[in-house]
Amino acid sequence: MTESVSPRARTRPRLAYILIAAGAFVADQVTKNMVERRIPPFEVLPVIPHFFNLTLTRNPGAAFGLFADSPAAWKTAFLLLVSALLIAAVAGVVWRSQKLDWQAGVGLSLVLGGAISNLLDRIRFGRVVDFIDLYVRSYHWYTFNLADTAIVLGASFLIYRVLFAAQK
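Here the structure is a predicted model, which is why all the values come from computation and not from measurement.

(A) Geometry of a nonpolar patch on the surface. Nonpolar side chains collect at one region of the surface, where Leu15, Ile18, Leu19 and Trp95 lie side by side and expose about 460 Å² of accessible area between them. If one sorts the elements of the nonpolar patch by residue count, helix α1 (residues 7–38) sits on top with 3 residues. Positionally, Trp95 belongs in helix α2 (residues 75–96). For Trp95, a relative accessible area of 56% corresponds to the exposed category.

Structure representation (structure tokens):
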């Protein structure tokens, strides 16, 4: 006999996932706005010396600076299309799933919130605001933002879920 899940029981986790996605979106937009208003482009503000700076950069490319230097006219349109398709796919999985375990639900929600925030930047400005600069000595990671952090954290939840699903 199959177990029936009431619409009300399905709504509660969905509401939590919506709140997580919204939280990632709002946190990213607020911090980007604060950084843009307070830090001139490329000024370096040390937070933890020899490890963490704040610096305003504007990335016209994709993650990790991919396509940033490309002068191709189609670049922004391509990035918008790919982002929109991925967001639609993630939202569809979350919406249509009868029951997601918490790792998958939280992971997909974080990915969704971060992706929507970066997509909004790309639609409004044609680029994404980045400001977190992590480094050791002269080795700097690509500058990133809270949306990128939410996406990576969400993907980590999903990877954890896949790797340890067989152990449950």
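(B) Just the packing of aromatic side chains, in detail. Under the criterion given, the structure shown has 3 aromatic pairs. Look at Trp102 and Phe157: their rings are 5.8 Å apart centre to centre, the planes differ by 75 degrees, and that puts the pair in the edge-to-face class. Residue Trp102 is found in helix α3 (residues 102–125), and its partner Phe157 is found in helix α4 (residues 146–164); the two are separated by 55 residues along the sequence. For Trp102, a relative accessible area of 53% puts it in the exposed group.

(C) Focus on the pairing of strand β2 (residues 52–59). Of all the 8 residues making up β2, 6 are buried; the element is thus mostly covered by neighbouring parts of the structure. Two elements, strand β1 (residues 44–48) and β2, share 4 bridges in a ladder whose sense is antiparallel. If you follow Ile48 over to β2, its bridge partner there is Phe52. The antiparallel pairing of β1 with β2 creates a hairpin that spans 3 residues between the two strands, and His50 there sits at a positive phi of about 65 degrees. Note: β2 against strand β3 (residues 128–136), 6 bridges, orientation antiparallel. Counted as the bridge partner of Arg58 is Val129 from β3.

(D) Representation of the nonpolar core in the model. With 11 residues, the main nonpolar core is built from Tyr17, Ile87, Val90, Val94, Leu100, Ala104, Leu108, Val111, Leu112, Ala115 and Leu119. Elements supplying a minimum of two residues to this core: α2 and α3. In terms of residue count, the dominant contributor to this core is α3 (6 residues). Once residues lying within four places of it in the same chain are set aside, the contact partners of Val94 are Arg14, Tyr17, Leu100 and Leu108.

(E) Summary view of the sheet that holds β3. Taking strand neighbours across the sheet as the criterion, the 4 strands line up as β1-β2-β3-β4 in an open arrangement whose pairing is antiparallel. Unpaired on one side and paired on the other, β1 and β4 (139–140) mark the two borders of the sheet.

(F) Molecular detail of the environment of Arg122. Take Arg122: it is sitting in helix α3. Classification of Arg122 as buried rests on a relative accessible area of 8%. As for Arg122 and Ala77, which are separated by 45 residues in sequence, their C-alpha atoms are 9.4 Å apart. For Arg122, the residues in contact, after removing those within four places along its chain, are Asn59, Pro60, Gly61, Ala62, Thr76, Leu79, Leu80, Arg127 and Val128.

The rules we used
Residues numbered from 1 in each chain as written. Predicted model: local features only at pLDDT ≥ 70, side-chain atom pairs only at ≥ 80, totals over all residues. Heavy atoms only, no water. Patch = residues over 30% accessible without salt bridge, like charges linked within 9 Å, V, L, I, M, F, W, Y side chains within 5 Å. Areas by Shrake-Rupley, 256 points an atom, 1.4 Å probe, with all protein chains shown as cover. Salt bridge = Lys/Arg side-chain N within 4 Å of Asp/Glu carboxyl O. Helix = DSSP H or I, 4+ residues; strand = E, 2+ residues; numbered from the N terminus. Buried < 20%, exposed > 50% of the residue type's maximum accessible area, 1.4 Å probe, protein only. Phe/Tyr/Trp six-rings, centres within 6.5 Å; stacked < 30°, edge-to-face > 60°. Pairing = 2+ DSSP bridges. Core = buried A, V, L, I, M, F, W, Y, C linked by side-chain atoms within 4.5 Å. Contact = heavy atoms within 4.5 Å.

By themselves, these are just geometric observations and shouldn't be taken as functional.
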